[in-house]
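Listed below are the residues making up each chain.
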2 protein chains.
Amino acid sequence: MSDEAGRAFVPGHVTGFFSIHEADDPKQAGSRGAGLTLSTGVTVTVEPAEESSIELNGEFAAVESGRRVLDELDVTARVSAQTDLPLGAGFGVSGAFALGTAFAVNDAFDRGRSENELVTLAHGAEVEAGTGLGDVVAQVRGGIPIRLEPGAPEYNRLDGIPMRTGIEYCSLGELSTAEVLSGSTDQLSQAGVESLVALVNEPTLDTFMRQSRIFAEETGLLTDEMREVIEDVHDAGGQASMAMLGETVFALDSGLSDAGYDATACETHHAGATLLD
Amino acid sequence: MSDEAGRAFVPGHVTGFFSIHEADDPKQAGSRGAGLTLSTGVTVTVEPAEESSIELNGEFAAVESGRRVLDELDVTARVSAQTDLPLGAGFGVSGAFALGTAFAVNDAFDRGRSENELVTLAHGAEVEAGTGLGDVVAQVRGGIPIRLEPGAPEYNRLDGIPMRTGIEYCSLGELSTAEVLSGSTDQLSQAGVESLVALVNEPTLDTFMRQSRIFAEETGLLTDEMREVIEDVHDAGGQASMAMLGETVFALDSGLSDAGYDATACETHHAGATLLD
């Protein structure tokens, strides 16, 4: 066992639309859909320790997906993560935490797992924690991933929109992924599949944004406050929608600031999860 | 049609070992094996033009794979590529050219293809030109790709070694991919599959380098001159092997300069092919 630290960066991910696919095996469970990976993400550092602990932005945190990854890789370690992304707001922070922990542990403890094995671990941890269904497999790919088939790498099928763009976002509050996913989701999944079919027919950013907007409306997840922000962006000539699942509006380029909102800027990320020196 | 230029960067790729898989359909043909993608690569710029032309490092070049991509996407364009990689020396320059052209054309001419569709085009162009079998699918992934199953994205299966490393290389001369691939390759493919099985059992850089060295020896592709360089690197405590297919030695970290050779340094690339601004 090496006693060096391991470090990994994982991009944030906002989903525009999705459908839910349940399965007893967490490797086969997941979601289909599409989203944007973000240049702003989560940096995870892992160091061997007498007892396992998890910190997020300097505070102890009970990140269930991360704890499960430590258990699966059979290590006791101090895991500390830093992020500028808002928490519980639809940016895939728990997925990034799980994936970054898996990559960093494998590196620091010479676990000798392959990339697919680590992604499978992190995806399963997210699914079992109930905190996400598709972020991990998107975050390892980077870019603008289209999730054609759900699940871990052994089962899934991905594609991507070969474009890049500036992004702005603005978070109005939190939304519990676990709570939404535990409700009735048939209508949501039907809307998600329809949006996916439309995107596969025309895999462009325009279609992605348009379908995201339709999905947010049809699923009833859009609050009046978010709708108002999105319409202001449209009125100013931009494109915006809602991050699934958070009370967050995201827009292409400078769409939110053009409409007069105080927004945070980043861009699509082109690498996916990476080990750091 | 946009009249803006499109630009893409594609990492170089050295294959350590491979097996050949023929098929009538170029989407199903390809290779299995493993390699390193490089931070040094090929930058491709595409602009609409009255007549198609292809330049590499400022000189007109007949890059068959690139010409086929232009035809498939039905555009006439001026394609100019820049690279610091040696040509015909096992760095996947023709694959990078094909893939970069596909991404840049799609962007400049708003062709609306998905990433998988562009990779399929570029992979097919390489296979039909006889200049490569596995570079394109590795170059779009980045990192240290393991090609578990051959072919375009619809058919292939990839994994990766989740590690990063410095790399040095030193080219002694050219080797024609088309010539080697047109000879008898049964023994080569058997050795390639054996190396792949060993790497899947232990997906680490150590195993990759050891199996690459065994493959180079067993296939008879290693010349005395390359063997001498590789042994010097080993004697100096490093790890080196031969790039498939070129008269090129590559080593981890500063292996070649530690052994007294004048080498070029780069590192593994973690993004795969990306559009540039």
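Residues numbered from 1 in each chain as written. Chains lettered and ligands numbered in written order. Predicted model: local features only at pLDDT ≥ 70, side-chain atom pairs only at ≥ 80, totals over all residues. Heavy atoms only, no water.

## Digging into the overall build of chain A
Stated formally: Each helix is a run of DSSP H or I of at least 4 residues and each strand a run of E of at least 2, with the numbering of both proceeding from the N terminus. For each residue, the accessible area found with a 1.4 Å probe, counting protein chains only, is set against the maximum for its type, and the residue is called buried under 20%, exposed over 50%, and partly exposed in between. Any two residues whose heavy atoms approach within 4.5 Å at even a single point are treated as in contact. Only the protein chains shown count as covering a residue, and every accessible area follows the Shrake-Rupley method with a 1.4 Å probe.
Assigned secondary structure in chain A consists of nine helices and twelve strands. Considering only C-alpha atoms, chain A reaches an extent of 55 × 40 × 35 Å along its principal axes. Going through the 277 residues of chain A one by one, you find that 59% of them count as buried. Considering only contacts within chain A whose residues lie at least 6 apart along the sequence, 76% involve residues at least 24 apart. Summing over all exposed atoms, chain A offers an accessible surface of approximately 10700 Å²; the carbon and sulfur share of this is 42%.

## A word on the sheet that holds strand S9 (residues 240-242) of chain B
All names here are of chain B. Cut-off, in case you're wondering: Only when DSSP finds a minimum of two bridges between them are two strands counted as paired. Between N-to-C directions, angles cover 0 to 180 degrees, with each direction set by a line fitted to C-alpha atoms, over the stretch in contact for helices.
The strand order S9-S10-S8-S11 describes an open sheet built from four strands, whose pairing is antiparallel. Each having just a single partner strand, S9 and strand S11 (264-267) make up the two edges of the open sheet. Neighbour to neighbour, the strand axes of the sheet diverge by 30 degrees on average, direction disregarded. Here three bridges tie S9 to strand S10 (residues 247-252), and the two strands are oriented antiparallel to one another. Bridge assignment links Met 242 to a residue of S10, and that residue is Val 249. Contacting S9 and S10, helix H7 (residues 205-218) crosses the sheet at an angle of about 45 degrees to S9. Most of the contacts of helix H8 (residues 224-235) go to S10, to which it runs at about 10 degrees, and overall it touches strand S8 (166-173), S9 and S10.

## What to know about the interface of chain A and chain B
Rules: Here the quantity called buried area is the accessible surface, traced with a 1.4 Å probe, that two parts lose on coming together, added over both. For salt bridges, the criterion is a side-chain nitrogen of Lys or Arg within 4 Å of an Asp or Glu carboxyl oxygen. Nitrogen and oxygen atoms within 3.5 Å of one another constitute a polar contact, given that in protein one can donate a hydrogen and the other can accept it, and given that sequence-neighbouring residues count only through two side-chain atoms. Under the grouping applied here, Gly and all other residues not named as nonpolar or charged are polar, the nonpolar ones being Ala, Val, Leu, Ile, Met, Phe, Trp, Tyr, Cys and Pro and the charged ones Asp, Glu, Lys and Arg.
Taken together, the 25 residues of chain A in the interface contact 25 residues of chain B. For the pairing of chain A and chain B, the buried interface totals around 2100 Å² over both sides, and the portion due to carbon and sulfur atoms is 47%. Area buried by chain A at its contact with chain B is led by Glu 115, Pro 162 and Arg 164 of chain A, which between them contribute 28% of it. Where chain A meets chain B, there are four salt bridges. For Glu 115 of chain A, the salt bridge goes to Arg 141 of chain B, with nearest N and O atoms at 2.6 Å. Viewed at the interface, chain B and chain A are joined by 14 residue pairs in polar contact (both at pLDDT 80 or more). Broken down by secondary-structure element, the contributors of at least two residues to the side of chain A that touches chain B are helix H2 (93-108), helix H3 (115-129), strand S7 (157-160) and strand S12 (274-276) of chain A. The biggest single contributor to the side of chain A that touches chain B is H3 of chain A, with four residues. Tallied by class, the residues present in the side of chain A that touches chain B amount to ten nonpolar, eight polar and seven charged.

## Some remarks on the pairing of strand S1 (residues 6-21) of chain A
All names here are of chain A. Extensive coverage of S1 is indicated by the burial of 14 of its 16 residues. As paired strands, S1 and strand S2 (residues 30-48) are joined by 15 bridges and run antiparallel to one another. Within the sheet, the bridge partner assigned to Val 10 lies in S2 and is Val 42. Two elements, S1 and S12, share three bridges in a ladder whose sense is antiparallel. In the sheet register, Phe 9 faces S12, and the bridge partner there is Thr 274.

## Regarding the side chain of Arg 147 of chain A
All names here are of chain A. As a reminder of what qualifies: The charged-residue count follows a simple rule in which Lys and Arg add positive charge and Asp and Glu add negative charge, with His and chain termini not counted at all.
Along the chain, the position of Arg 147 falls in strand S6 (residues 145-149). It turns out Arg 147 is buried and unbridged, and the closest side chain with the opposite charge, Asp 135, is 5.8 Å from it. A distance of 2.9 Å separates a polar atom in the side chain of Arg 147 from a polar atom in the side chain of Ser 31.

## Digging into the UniProt feature "domain: GHMP kinase N-terminal" (unreviewed entry) in chain A
Inclusion rule: UniProt positions are given in the numbering used here, feature names are shortened, and annotations may be inferred rather than shown by experiment.
The UniProt record annotates "domain: GHMP kinase N-terminal" (unreviewed entry) at residues 71-143 of chain A. Along residues 71-143 of chain A, the helical share is 55% and the strand share 10%, with 30 Å between the first and last C-alpha atoms.

## Description of helix H6 (residues 186-201) of chain A
Residue and element names in this part refer to chain A. The line we're drawing: Helix span, as expected, comes to 1.5 Å for every residue beyond the first. To be clear, the arc concerns the directions from the helix axis to the C-beta atoms.
With 16 residues, H6 extends 23 Å from end C-alpha to end C-alpha; this agrees with the ideal 22 Å at 1.5 Å per step. For H6, the set of buried residues is Leu 188, Ser 189, Ala 191, Gly 192, Ser 195, Leu 196 and Leu 199. Down the axis, H6 shows its buried residues gathered within 160 degrees of arc, on one side only. Opposite the buried face of H6, by more than 90 degrees, sit the exposed residues Asp 186, Gln 187, Gln 190 and Asn 201. The elements touched by buried residues of H6 are S1, S2, S6 and helix H7 (205-218).

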